[in-house]
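Chain residues, written in single-letter form:
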Amino acid sequence: MGLLDISNVTKSYGAVEVLHSVDISVDEGEFLVLVGPSGCGKSTLLSMIAGLEGITSGEISIKGRTMNGVHPSKRNIAMVFQSYALYPNMTVGQNITFGLEMHGTPKPEREDAMNRVAEMLQIDNLLSRKPGQLSGGQRQRVAMGRALVRDPDVFLFDEPLSNLDAKLRVDMRTEIKKLHQSLGTTIVYVTHDQIEAMTLSTRIAVMNKGYVQQLGTPKEIYDTPSNVFVATFMGSPAMNVFPSRIVVKDGAPHAAVTGHDGVEQLLRFPQPNLAAWDGREILLGIRPETITDPEGADRNADHIASLRNHIGVTEPAGSDTFVTMTLGGRDAIARMRADVTVRAGEVFDFAVNMDKAVAFDPKTEERIQP
Amino acid sequence: MSGAVDTGVAIRTNRVTRTFIYLFLLLFALFYLLPLAVMLINSVKPLSEITGGNMMALPDVWTFEPWREAWSSAQIGVQPTGLRPYFINSILIVVPAVAISTIMGALNGYVLTKWRFRGDTILFGMLLFSCFIPFQIVLIPMARVLGMIGLAGSVPGLILVHVVYGLGFTTLYFRNYYSAFPTELVRAAQIDGAGFFRIFYRILLPLSGPIIVVTIIWQFTNIWNDFLFGSSFAGQASQPMTVALNNLVQSSTGVKAYNVHFAGAILAALPTLIVYIVSGRFFVRGLMAGSVKG
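Residues numbered from 1 in each chain as written. Chains lettered and ligands numbered in written order. Predicted model: local features only at pLDDT ≥ 70, side-chain atom pairs only at ≥ 80, totals over all residues. Heavy atoms only, no water.

**Student:** What exactly am I supposed to notice about the overall build of chain B here?
**Tutor:** Assigned secondary structure in chain B consists of 13 helices and zero strands. Along chain B, helices and strands appear, N-terminal first, in the series α-α-α-α-α-α-α-α-α-α-α-α-α. The C-alpha radius of gyration computed for chain B amounts to 25 Å, which surpasses the reference 19 Å derived for 294 residues by more than 25%, pointing to a less compact arrangement than a globule. C-alpha extents for chain B along the principal axes are approximately 85 × 75 × 30 Å. The buried share among the 294 residues of chain B stands at 38%. By sequence separation, contacts in chain B at least 24 residues apart represent 69% of the contacts at least 6 residues apart. Within the structure as shown, chain B displays about 16,600 Å² of accessible surface, and the carbon and sulfur contribution to it stands at 72%. (Helix = DSSP H or I, 4+ residues; strand = E, 2+ residues; numbered from the N terminus. Rg over C-alpha atoms; globule rule 2.2 N^0.38 Å. Buried < 20%, exposed > 50% of the residue type's maximum accessible area, 1.4 Å probe, protein only. Contact = heavy atoms within 4.5 Å. Areas by Shrake-Rupley, 256 points an atom, 1.4 Å probe, with all protein chains shown as cover.)

Following this line, the structure appears as structure tokens:
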């Protein structure tokens, strides 16, 4: 039983069910990120936690108190909106204290709280300005100030960084993380940006089509994605997923991978359970950064397999060099060191870290448990 | 060819076109101002100068007697009261009718966009339909209704009629304005703990300046200029300005006092003019406020 419990919650609009029996429990001090493509139901779920949308069935409770039918203002939550939703007719100070005023907090206390928050967010020099006079980053801070001042049980963030430019987004991301670490607040954060999800969260719920696809720590999500959707959604560039076949040779399972020339090469696959799949098709998932040149391979890895393949295109990106190739008939990307000497068109011996490879059932697209 | 020559040509053509544009505008302004000028000139002439001379000529003798007469002593109806009591009637009808229909329109627009409910678009469509119903169709049913609720021939009765007729338009204005209003603001205010009315007057109303001005101009002009409802539903004591002006001008006894009629007509048009001039300014200011960036 956590601070925020979402148990068996569904949401329907008429006959259309858009959220299917969601179960998530958030502990105090956790940073849960709901991530998924647009239309996956993540914002709907957040609105249901906030009380802005009704719950069709199931229960949402905060601190053990059921929230079904409780008015948003009585849930002791605060929300930061994508558009910031600052009241344009009020000054920054009035924006921050509006919630306290509505809850009948006396004026001196409101001023104290406002000054405390403004100082923390470094917006104390902006208090008498109107939102229209602020830059995007400043508005973002004010929106957070408005949430912080209430000292709520749960903070809800609805894609708060998506209106900022790229550089500011990275800065604010760090700032939100700092804020979470210093205050130890409980946060539920919605985003479609998987990098935000990875960097900020203590746990991630990957959602698609109204289902929670996987709930776990960033590392679990990244290393052991539960299905093809999660594998390809999380990570940039996306995980290479292509058809392969399991061949048991010398008593150990191998993945048979076809390169550019259509010849199968056997890569030792250190997952004994896969022996049961001998001779059957699978979908093989390999992260771009686990395909490298032999010198760049992870020294701590137990199973580095060699793969000879034709180099399609090289894309030097400064910090890394991306190399495209064909694997199992599909395009695949390798992420190599920046100073690696590879040329487009040549045949190269790649090193593949098979410790990190994952196998999916081609019918269900679920991960085959090792 | 150098750039300097190019600019010189551009400026010269610009100047020529500009002269033409201003001449054109001036011509049309004169054309439209002509009737008003005739009215003004003849309202400060003694009647003998009008009947015996040129309508366009400036007066030989300047007099404000026609204005005084039109305002306070012209024979309208039974008593020689001038237009004053009817002017007051008009104010008594217009101000509450404009205020009530604007407030209700704003509330309707707020509910129809931010507190959506099943069938709200149908309801809005029906409200909108009232904008297209010709006045004449409702005269008899309206008279019946006013009679049944005991408001026939009274100022409150006319207020009711104008509010009912204005609601379609005011709702349309506010609904369209508020539909572009970010719903996230309302949600944020809900989380902050503001209720239905608090959100309305703390968040929406302060940001509704331009549309309030538009609605007031529209409603004020329409209700002030209304003649049909005024002549159909008003009693002797509640006739509005327009009806009184008609009675003044149409009275068939004696000599037609054109100078008094002109003065009366200007008096009748004055409030709408003032509303346009005063609130038009605010209207522009309201629009500018949002567009200024920091």
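**Student:** Any chance you could explain the sheet that holds strand β7 (residues 154–158) of chain A here in plain terms?
**Tutor:** What links the strands of a sheet is backbone hydrogen bonding, and the strands pair in either a parallel or an antiparallel sense. All names here are of chain A. On the basis of which strands lie adjacent, the open sheet formed by six strands has the order β6-β7-β8-β3-β9-β10 and mixed pairing. A single partner strand is all that each edge strand has here, and the edge strands are β6 (77–80) and β10 (211–216). Taking the axes of each pair of neighbouring strands and ignoring which way they run, one obtains an average angle of 15 degrees across the sheet. Looking at chain direction, β6 and β7 are connected through four bridges and run parallel. Along β7, the bridge assignment pairs V80 with F157. (Pairing = 2+ DSSP bridges. Axes fitted to C-alpha atoms, helices over the stretch in contact; angles between N-to-C directions.)

**Student:** How do you make sense of the packing of helix α2 (residues 92–102) of chain A against helix α3 (residues 107–120) of chain A when you look at a structure like this?
**Tutor:** Packed helices, taken two at a time, are described by the angle between their axes plus the distance between the axes. All names here are of chain A. Between α2 and α3, the shortest axis-to-axis distance is 10 Å and the interhelical angle comes to 130 degrees. Of the possible angle classes, the one that applies to α2 and α3 is oblique. Pair α2 / α3 crosses with right-handed handedness. Counted together, G93, I96, T97, L100 and E101 of α2 and R110, A113 and M114 of α3 form the full contact between these two elements. (Parallel < 35°, antiparallel > 145°, perpendicular 65-115°, else oblique. Left-handed = near helix turned anticlockwise from the far one by under 90°.)

**Student:** Hey, could you run me through the pairing of strand β3 (residues 31–35) of chain A in this one?
**Tutor:** Looking along a regular strand, one sees side chains alternate from face to face of the sheet. All names here are of chain A. The buried fraction of β3 amounts to five of the five residues, a majority that puts the element mostly inside the structure. Note that β3 and strand β8 (residues 186–191) share five bridges and pair parallel. Opposite V35, over in β8, you have T191 as the bridge partner. Of the strand pairs in this sheet, β3 and strand β9 (residues 203–208) are connected by four bridges, and their pairing is parallel. Bridge pairing in β9 links L34 to A205.

**Student:** I keep staring at the domain arrangement of chain A and nothing clicks. Help me out?
**Tutor:** Put simply, an interface is often sized by how much accessible area is lost when its parts join up. All names here are of chain A. For chain A, the domain assignment lists domain 1 (4–233) and domain 2 (240–360). Just the C-alpha atoms count here: the centres of domain 1 and domain 2 sit 39 Å apart. Of the residues lining the interface, eight residues belong to domain 1; the matching set on domain 2 comes to seven residues. With both chains or domains summed, domain 1 and domain 2 bury close to 650 Å², and 57% of this area falls on carbon and sulfur atoms. A per-residue breakdown of the area domain 1 buries against domain 2 is headed by Y222, V228 and A231, which together make up 62% of the total. Taken together, domain 1 and domain 2 are joined by zero salt bridges. (Domains from an automatic or database assignment. Buried area = accessible area lost by both parts, 1.4 Å probe. Salt bridge = Lys/Arg side-chain N within 4 Å of Asp/Glu carboxyl O.)

**Student:** Would you mind showing me how to read helix α7 (residues 155–179) of chain B here?
**Tutor:** Each α-helix turn comprises 3.6 residues. Residues three or four places apart therefore point the same way. Residues and elements named next belong to chain B. The end-to-end C-alpha distance of α7 is 35 Å, a good match for the 36 Å that 25 residues give at a rise of 1.5 Å each. Considering bend angle alone, the principal kink of α7 is centred on G166 and spans about 40 degrees. Sitting at the amino-terminal end of α7 is S154, which places a side-chain oxygen 3.2 Å from the backbone nitrogen of G157. (Expected span 1.5 Å × (residues − 1). Bend = angle between axes of the 7 residues up to and from the residue. Polar contact = N/O pair within 3.5 Å; in protein donor to acceptor, adjacent residues only side chain to side chain.)

**Student:** Please clarify how the domain arrangement of chain B should be interpreted in this entry.
**Tutor:** Parsing chain B into structural domains produces domain 1 (1–36) and domain 2 (73–291). Here domain 1 of chain B and domain 2 of chain B have C-alpha centroids that lie 40 Å from each other.

**Student:** Would you mind showing me how to read the interface of chain A and chain B here?
**Tutor:** Contacts between the two partners involve 29 residues from chain A, matched on the other side by 16 residues from chain B. When the area that chain A buries against chain B is broken down by residue, the three leading residues are Y87, N89 and M102 of chain A, summing to 28%. Linking chain A with chain B are three salt bridges. Here R150 of chain A ties to D192 of chain B by a salt bridge, and the two come within 3.7 Å at their closest N and O atoms. Where chain A meets chain B, there are nine residue pairs in polar contact (both at pLDDT 80 or more).

**Student:** Got a minute to help me understand a nonpolar patch on the surface in this structure?
**Tutor:** Residues L270, L273, I274, Y276, I277 and V278 of chain B make up a contiguous nonpolar surface patch of roughly 550 Å² in combined accessible area. Inspection of the secondary structure puts L273 of chain B in helix α13 (residues 258–291). (Patch = residues over 30% accessible without salt bridge, like charges linked within 9 Å, V, L, I, M, F, W, Y side chains within 5 Å.)

**Student:** Can you help me understand the nonpolar core in this one?
**Tutor:** If you look at the biggest cluster of nonpolar residues, it comprises 52 residues, and the most contacted ones within it are I6, I24, L34, L156 and V188 of chain A together with I203 and L204 of chain B. Among all residues touching V188 of chain A, those that are not within four sequence positions of it are L4, L32, L34, L46, I49, V154, F155, L156 and F157 of chain A. Residues F31, V92, A113 and L134 of chain A belong to the second largest nonpolar core, which totals 42 residues. (Core = buried A, V, L, I, M, F, W, Y, C linked by side-chain atoms within 4.5 Å.)

**Student:** Got a minute to help me understand the packing of aromatic side chains in this structure?
**Tutor:** Where two aromatic rings form a pair, the distance of their centres and the angle of their planes describe that pair. Summed over all chains, the structure comprises 26 aromatic pairs over all chains. Between the aromatic rings of W71 of chain B and F87 of chain B, the centroid separation amounts to 5.3 Å while the plane-to-plane angle is 70 degrees, which identifies the pairing as edge-to-face. With W71 of chain B in helix α3 (residues 65–73) and F87 of chain B in helix α4 (residues 84–114), this pair connects stretches of sequence that are 16 residues apart. A residue is classified by how much of its surface remains accessible, and F87 of chain B, at 18% relative accessible area, is buried. On the basis of an interplanar angle of 45 degrees and a centroid distance of 5.1 Å, the ring pair of F169 of chain B and W218 of chain B is categorised as tilted. Taken together, the positions of F169 of chain B in helix α7 and W218 of chain B in helix α10 (residues 209–225) put the pair 49 residues apart, joining distant regions of the chain. Ring pairing ties together the aromatic residues Y110, W115, F196, F197 and F200 of chain B, which thus form one cluster. Here the guanidinium or amino end of R280 of chain A rests over the ring plane of W277 of chain A, the centre of that ring lying 4.0 Å away. (Phe/Tyr/Trp six-rings, centres within 6.5 Å; stacked < 30°, edge-to-face > 60°. Lys NZ or Arg CZ within 6 Å of the ring centre and 35° of its normal.)

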